[in-house]
Amino acid sequence: MAWSREETIGRDEMRQIQLGRLQKAVADVYGKNAVYRKWLDEAGVKPGDIKSLDDIRRLPFTTKQHIRDQYPFGLFSASMEDIVEFHATSGTTGKPVVVPYTRNDIELWTEVMARTCAAAGITKNDIVQNIYGYGLFTGGLGTHYGAIRVGATVVPMSGGNSQRQIMLMQDFGSTAVASTPSFLMHLHEVGEQMGVDFKKLKLKTGLFGAEPWSDSMRQAIQEKFGLKACDLYGLTEMIGPGVSFECHEVRDGLHINEDFFYPEVIHPESCESLPYGEEGELVLTTIGKEGMPLLRYRTRDITRLRHGVCPCGRTLVKMERISGRTDDMLIIRGVNFFPSQIEAIILKRQGVSPHYMVVVDRQGSMDEVEVRIEVTEEFMAKAGADVLKGSEKEILKDVQLARQKIENLKRDIKDLIGITAKVTLVPPGTVPRSEGKAKRVEDRRPKGIRTGRP
Ligand SMILES: [Zn+2]
């Protein structure tokens, strides 16, 4: 069941709401933020020029760099006395992006996250184990606010503490979990060593996001935990999680909270608007936020938009699951691909775990690709035991098996993206784990020849 009326209204009514809020958003930033006023003046647009939703194309884009250049408070449209909370990106590659929330922004966030929780089937009868980090990261508190609004019981675990997570999951009988997919897979490995059968736990649904993940990863999580894995999407610049969500009934595309985040898809290079159904970069405009409204923010996430009534009853436009980020897209010997494509291959093969890293380097004028994949604990334990036993025949078998795995993976990668990659099997636990976003790529090539991005 939908949480709010706006999730199921007709197209005309939605467009009316959007136009009113877009006009207000443009007037707000023009009137309240000197930087935006300058940008709009430079683009030759006045708030009164926005007469239809198509007029959004007249507005200039906002990029992450624009926000960084105004660090920390330059793009705020609210005064400090109206701001009640800050969040920020991790800022691993420089200064973080700081996002302010007014009381109304917190209310908006709670509303969109309540929709997200309700769509995943979470009700007041659920115990939600929230593994997203609490703090400046938006994942923890965003999920917290939404789960409380639907009346669920929140266990505010934050990340880390794998053994304690598993213990409380068992003892409290958590019925829902919110986590990055990679951390939950990590939890499964730890649990297996503790002899835990996750299928016997009470988990029935989960909210997963904060990193791109494949459908193969979804299947793996659903099988290992016996739950329905729902995707959610968001970004700190917009509000955090809560921009869009999957309904548990269908789990095919994410409903965008388009009454608060107006979506467009553009060609990432020409910046031209693309029609519904075409793949490109997602661009979002906040319509309803006060602290730091953003016009036409370039998310760098690749997706496509779809209209239509979902079998769940929602009419909110859908975006396909993120197939990659323009940032993560690798161009190797002229071929474009996303690390998530490699993930899908790995998950199909036995004996290797979903933890991997793509390392790209340049030897002379040639790009070299190495894919490092962890073998499973099981495989490692058997090989180790054979070595200790000194059984040459068994050791030889293990080596052959490992070689066979490498050859199969190489062939799969070559078939999929046409690149001959070096495949290296590494011991379990040696690929870095992250509780925020999984790092899948290490690009050691000089900056200019990577992807052409700044
Ligand atoms: Zn739906």
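Remember, it's a predicted structure, so these values are computed and weren't measured experimentally.

Within the protein chain, the secondary structure is distributed over eleven helices and 21 strands. Computed over the C-alpha atoms, the radius of gyration of the protein chain is 23 Å, within 12% of the 22 Å expected from 2.2 N^0.38 for a compact globule of 454 residues. C-alpha atoms of the protein chain, sized along the principal axes, occupy 80 × 60 × 40 Å. Burial analysis of the protein chain (454 residues in total) assigns 53% to the buried set. Considering only residue pairs separated by 6 or more positions, the protein chain has 65% of its internal contacts joining residues 24 or more positions apart.

The zinc ion binds to the protein through C247 (SG), H255 (NE2), C310 (SG) and C312 (SG); the donor distances cover 2.2 to 2.3 Å. Classification of the site at the zinc ion rests on its four donor atoms, whose angles at the metal span 102 to 115°, yielding the label tetrahedral. Each donor residue of the zinc ion belongs to the same chain, with the gaps between them written as C-x7-H-x54-C-x1-C. For the pair formed by C310 and C312, the shared burial category is buried.

Residues apart from glycine generally show negative phi values, whereas peptide bonds are mostly found in trans. Cis peptide bonds are those with omega within 30 degrees of zero, and the linkage from Y71 to P72 qualifies with -5°. Looking at the element boundaries, P72 is found in the loop between α3 (64-69) and β1 (83-88). Of note, the phi angle at S158 is positive, near 65°, even though the residue is not glycine. Its place among the elements puts S158 in the loop between β4 (153-155) and α6 (162-172). For C271, which is not glycine, the phi torsion reads 65° and is therefore positive. One can find C271 in the loop between β10 (261-266) and β11 (280-286).

Here we take up helix α10 (residues 377-389). Taking 1.5 Å per residue as the helical rise, α10 with its 13 residues ought to reach 18 Å, and the 18 Å between its terminal C-alpha atoms agrees with that figure. Restricting attention to buried positions, one finds in α10 the residues F379, A383 and D386. The buried residues of α10 occupy an angular sector of 60° when projected down its axis, which confines them to one face. Summarising the geometry of α10, the exposed residues directed more than 90 degrees from the buried face are E378, A381, L388 and K389.

Where burial is concerned, most of strand β2 (residues 98-102) is hidden: five out of the five residues are buried. Here β2 shows two buried faces, one formed by V98, P100 and T102 and the other by V99 and Y101.

What follows concerns the pattern of salt bridges. Under the defined criterion, the tally for this structure stands at 35 salt bridges. The shortest N-O distance in the salt bridge between R306 and D252 comes to 3.4 Å. Of this pair, R306 sits in strand β13 (residues 305-306) while D252 is found in the loop between β8 (240-245) and β9 (254-256), placing the two residues 54 residues apart along the sequence. When the shortest N-O distance is used, the salt bridge between K382 and E394 registers 3.2 Å. With K382 in helix α10 and E394 in helix α11 (residues 392-417), the pair connects residues that are twelve residues apart, well separated along the chain.

Let us now look at the pairing of strand β19 (residues 366-375). Most of β19 sits out of view: seven of its ten residues are buried. Pairing of strand β18 (residues 352-363) with β19 involves nine bridges; the strand directions are antiparallel. Paired with V352 across the strands is V375, a residue of β19. Hairpin remark: β18 followed by β19, antiparallel, with two residues in the connecting loop; positive phi at G364, about 65°. Bridge count between β19 and strand β20 (residues 422-426): five bridges; the pairing is parallel. Bridge pairing in β20 places E370 opposite K422.

Another aspect to go through is the packing of helix α9 (residues 339-348) against α11. At a minimum axis distance of 10 Å, the contact between α9 and α11 shows a crossing angle of 140°. Between α9 and α11, the angle falls in the class oblique. Considering how the two elements wind past one another, α9 and α11 form a crossing that is right-handed. Every residue of α11 that contacts α9 at Q341, I342, I345 and I346 is listed here: L409, D412, I413, L416 and I417. Residue composition of the contact of α9 with α11, grouped by class: seven nonpolar, one polar and one charged.

Right, let's get into the sheet that holds β18. Spatially, four strands are ordered β20-β19-β18-β21 in an open sheet, and the strand pairing comes out mixed. The sheet is open, and its two edges are formed by β20 and β21 (441-443), each paired on a single side. In this sheet, neighbouring strand axes are inclined to one another by 20° on average, regardless of whether the strands run parallel or antiparallel. Judged from the three bridges that link them, β18 and β21 form a sheet pairing that is parallel. Looking at β21, one finds that V358 is bridged to V441.

The subject of this paragraph is the side chain of D126. Structurally, D126 can be placed in the loop between α4 (103-119) and β3 (127-130). Among the polar contacts made by the side chain of D126, one reaches the side chain of T175 at a distance of 2.6 Å. Look past the residues within four positions of D126 in its chain and what remains in contact with it is G121, A152, T153, T175 and K204.

Let us look at the packing of α6 against helix α7 (residues 181-193). Here α6 crosses α7 at 80°, and the two axes come no closer than 10 Å. If you check the angle between α6 and α7, you find them roughly perpendicular. Two secondary-structure elements touch here, α6 through S162, Q163, Q165, I166 and M169 and α7 through F183, H186, L187, V190 and G191. Considering only residue class, the contact of α6 with α7 consists of five nonpolar, five polar and no charged.

Thresholds applied
- Residues numbered from 1 in each chain as written.
- Predicted model: local features only at pLDDT ≥ 70, side-chain atom pairs only at ≥ 80, totals over all residues.
- Heavy atoms only, no water.
- Helix = DSSP H or I, 4+ residues; strand = E, 2+ residues; numbered from the N terminus.
- Rg over C-alpha atoms; globule rule 2.2 N^0.38 Å.
- Buried < 20%, exposed > 50% of the residue type's maximum accessible area, 1.4 Å probe, protein only.
- Contact = heavy atoms within 4.5 Å.
- Donors = N, O, S within 2.8 Å, 3.2 Å for Na, K, Ca; no water.
- Tetrahedral: all angles 85-135°; square planar, octahedral: opposite > 155°, others 65-115°.
- Expected span 1.5 Å × (residues − 1).
- Arc of directions from axis to C-beta.
- Salt bridge = Lys/Arg side-chain N within 4 Å of Asp/Glu carboxyl O.
- Pairing = 2+ DSSP bridges.
- Axes fitted to C-alpha atoms, helices over the stretch in contact; angles between N-to-C directions.
- Parallel < 35°, antiparallel > 145°, perpendicular 65-115°, else oblique.
- Left-handed = near helix turned anticlockwise from the far one by under 90°.
- Nonpolar A, V, L, I, M, F, W, Y, C, P; charged D, E, K, R; others polar.
- Polar contact = N/O pair within 3.5 Å; in protein donor to acceptor, adjacent residues only side chain to side chain.

No statement about biological role is implied by the geometric values presented.
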